[in-house]
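Fold and geometry: a report
Single-letter residue listing:
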Amino acid sequence: MTDLKTDKGRLVVDEYLQVPGHPEVFACGDAAAVPDLTRPGEVTPMTAQHAQRQGKQAADNIAASFGTGILQPYRHEDLGFVVDLGGTQAAASPLHVPLAGLPAKVVTRGYHLLSMPGNRVRTATDWFFDAVLPRQTTQLGVIPADQVPLETASPEQAHSRPIVPLAQMLLPCRLIGLQWDGNRSGMTVKLNEKAFEHAKQLVRKGQTTKDERDDWSEHAPTAAERNAYLDKHGWNDYSLWFLGVDDDMDEETKGHYEFPYGDFRRVHRCGVISAESRAAQYKHPEIQQALEKIHKLLDGDHA
Ligand SMILES: Cc1cc2nc3c(=O)[nH]c(=O)nc-3n(C[C@H](O)[C@H](O)[C@H](O)COP(=O)(O)OP(=O)(O)OC[C@H]3O[C@@H](n4cnc5c(N)ncnc54)[C@H](O)[C@@H]3O)c2cc1C
């Protein structure tokens, strides 16, 4: 059926929403050029208020064409319009009184709320919180620069490492009071064998604190404590307290040392558990396994 008449791309129908010459074909809404009986010679505009009403009328008229009810012409007096825009912006013309800004917003939202078939309280609550609270943070995927090579045909896909939600990246930083300690560990971070041996010795000697995972935010050495220890003992001793070393960074920089597990006196169970999960998260299996061993030693009477 390709020979049907159209008006600006809309299928021409009569006031009963039937295609002339094809009473078995009905059309309505944006797709149809429906005569506007309140404005002779014009067709109804492409708006939801017409589309919705025409849909109901079309359904009734289809039923009528099968003998249930009587064919009725479509007629709707436009009482104005409401247009919801961003923020406090809106435009409305209720009963053809032109409004803009906040008054239009109130009318628009009120009208839309009343038009909803249900879920009104939830929608109104959402609107209220959207108005009074800052925009919600849902998830911000952060891809390290080295994972997005420009020469690739698909730079939007992270390579080799998963996208790490920002909150997950920030959490370890907050816990141990460092700047960006967790995620800087890339492929260049290796197990610090000397530190591994040192940690095991300390556990065997009982130089441990058996705290819970969440305690690390309190028990991790602060930046000042790290600096003080470094000044007093030097880089070699300092290095023994970190299970990971980043070969991309100079040995005599704090950035070279990652995955701390204690407070320069004792092995902290909370530090080991925290480092263990970060090693797993950033895919350092060697470091993760070392931490698992220390964790087991800690939990097993220093055997
Ligand atoms: C950005 C924007 C803002 C608007 N704001 C307002 C407003 O504030 N107030 C107002 O009254 N009106 C507004 N409108 C107009 C209103 O959305 C439309 O008039 C109304 O949705 C038309 O309803 P409809 O059912 O005729 O068509 P649609 O809502 O377009 O529905 C047609 C459906 O058919 C589907 N379809 C298309 N082709 C096929 C196919 N071949 N097979 C199967 N399915 C198909 C489409 O995917 C679609 O789901 C707005 C329109 C837009 C685009």
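What counts and how
- Residues numbered from 1 in each chain as written.
- Predicted model: local features only at pLDDT ≥ 70, side-chain atom pairs only at ≥ 80, totals over all residues.
- Helix = DSSP H or I, 4+ residues; strand = E, 2+ residues; numbered from the N terminus.
- Buried ≥ 20, exposed ≤ 12 C-beta atoms within 10 Å, placed from the backbone.
- Pairing = 2+ DSSP bridges.
- Near = placed C-beta within 6 Å.
- Nonpolar A, V, L, I, M, F, W, Y, C, P; charged D, E, K, R; others polar.
- Core = buried A, V, L, I, M, F, W, Y, C linked by C-beta atoms within 7 Å.
- Contact = placed C-beta atoms within 7 Å.
- Axes fitted to C-alpha atoms, helices over the stretch in contact; angles between N-to-C directions.
- Parallel < 35°, antiparallel > 145°, perpendicular 65-115°, else oblique.
- Left-handed = near helix turned anticlockwise from the far one by under 90°.
- Expected span 1.5 Å × (residues − 1).
- Bend = angle between axes of the 7 residues up to and from the residue.
- pLDDT = per-residue confidence, 0-100.

1. Some remarks on the overall build of the protein
In terms of regular secondary structure, the protein is built from nine helices and 15 strands. By the burial criterion, 26% of the 303 residues in the protein qualify as buried.

2. Observations concerning the pairing of strand E13 (residues 242-246)
Burial within E13 is extensive, with five of its five residues counted as buried. Here strand E11 (residues 189-191) runs beside E13; their pairing, made up of three bridges, is antiparallel. In the sheet register, Val189 faces E13, and the bridge partner there is Asp246. Of the pairings in the sheet, the one linking E13 to strand E14 (residues 257-260) comprises three bridges and is antiparallel in character. In the strand pairing of E14, Phe242 is matched with Pro260.

3. A few points about the site of the ligand
In the region of the ligand, the neighbouring residues are Gly29, Asp30, Ala31, Met46, Thr47, Ala48, Gln49, Ala51 and Val83. Among the elements that make up the shell around the ligand, the one with the highest residue count is helix H1 (residues 48-65) (three residues). When grouped by side-chain class, the residues that make up the shell around the ligand number five nonpolar, three polar and one charged.

4. As for unusual backbone geometry
Note: most residues except glycine have negative phi, and most peptide bonds are trans. Even without glycine at this site, His96 takes up a positive phi of about 65°. You can see His96 is positioned in the loop between strand E7 (90-92) and strand E8 (99-100). Taking the C-beta count within 10 Å as the criterion, His96 has 9 such neighbours and is therefore assigned exposed. Of note, the phi angle at Phe259 is positive, near 60°, even though the residue is not glycine. You can call Phe259 buried: it has 31 C-beta atoms within 10 Å.

5. Some remarks on the environment of His198
Mapped onto the fold, His198 is located in helix H5 (residues 193-205). On the basis of neighbour counts, which here come to 20 C-beta atoms within 10 Å, the residue His198 falls in the buried class. Note: C-alpha distance between His198 and Leu240 (42 residues apart in sequence) is 6.4 Å.

6. A word on the nonpolar core
Formed by 30 residues in total, the largest nonpolar core has its most connected members in Ala199, Leu243, Tyr261, Val267, Val272, Leu291 and Ile294. The set of elements that each furnish at least two residues to this core consists of E11, H5, E13, E14, helix H8 (269-281) and helix H9 (285-299). Setting aside residues no more than four positions away along its own chain, Leu243 makes contact with Leu191, Asn192, Ala195, Phe196, Phe259, Tyr261, Ala275, Ile287, Ala290 and Leu291. Counting nine residues, the second-largest nonpolar core is a separate cluster that includes Leu17, Cys28, Val34 and Tyr74.

7. Describing the sheet that holds strand E1 (residues 6-7)
Spatially, the three strands line up as an open sheet ordered E1-E2-E5, and their pairing is mixed. Where the open sheet ends on each side, the last strands, each with one partner, are E1 and strand E5 (32-33).

8. As for the environment of Leu113
Assignment of secondary structure puts Leu113 in helix H2 (residues 101-115). In this structure, the C-alpha to C-alpha distance between Leu113 and Thr123, residues ten residues apart in sequence, is 7.8 Å. Residue contacts for Leu113: discarding those within four places in its chain leaves Arg120, Thr123 and Ala124.

9. Focus: the sheet that holds strand E6 (residues 82-84)
The strand order across the open sheet formed by three strands is E6-E7-E8, and the pairing between neighbours is antiparallel. Both edges of this open sheet fall to E6 and E8, since each of them pairs with a single strand only.

10. Quick word on the packing of H5 against H9
Interaxial distance between H5 and H9 falls to 10 Å at its minimum, and their mutual angle equals 5°. Classified by the angle between their axes, H5 and H9 sit roughly parallel to one another. The segment H5 lies against H9, with Phe196, Ala199, Lys200 and Val203 engaging Ala290, Ile294, Leu297 and Leu298.

11. Description of the packing of H8 against H9
A pair of packed helices is characterised by two quantities: the angle between their axes and the separation of those axes. For the pair H8 and H9, the least separation of the axes is 9 Å and the interaxial angle reads 155°. As far as their axial angle goes, H9 and H8 are roughly antiparallel. Considering the relative orientation of H8 and H9, their crossing is left-handed. Across from Arg269, Val272, Ile273, Ala275, Glu276, Ala279 and Ala280 in H8, the residues of H9 making contact are Ile287, Gln288, Leu291, Glu292, Ile294, His295 and Leu298.

12. Notes on helix H7 (residues 223-239)
Owing to its 3.6 residues per turn, the α-helix brings residues three or four apart onto one side. Along its 17 residues, H7 runs just 15 Å from first to last C-alpha, ending more than 12% under the 24 Å computed at 1.5 Å per residue. The sharpest bend along H7 measures roughly 120° and falls at His233.

13. Some details on the confidence of the model for the protein
For the protein, per-residue confidence averages 84 on the pLDDT scale, and 83% of positions sit at 70 or higher. For residues 152-186, every residue scores under 50 in pLDDT, and the model assigns this stretch 59 contacts once sequence neighbours within four places are set aside.

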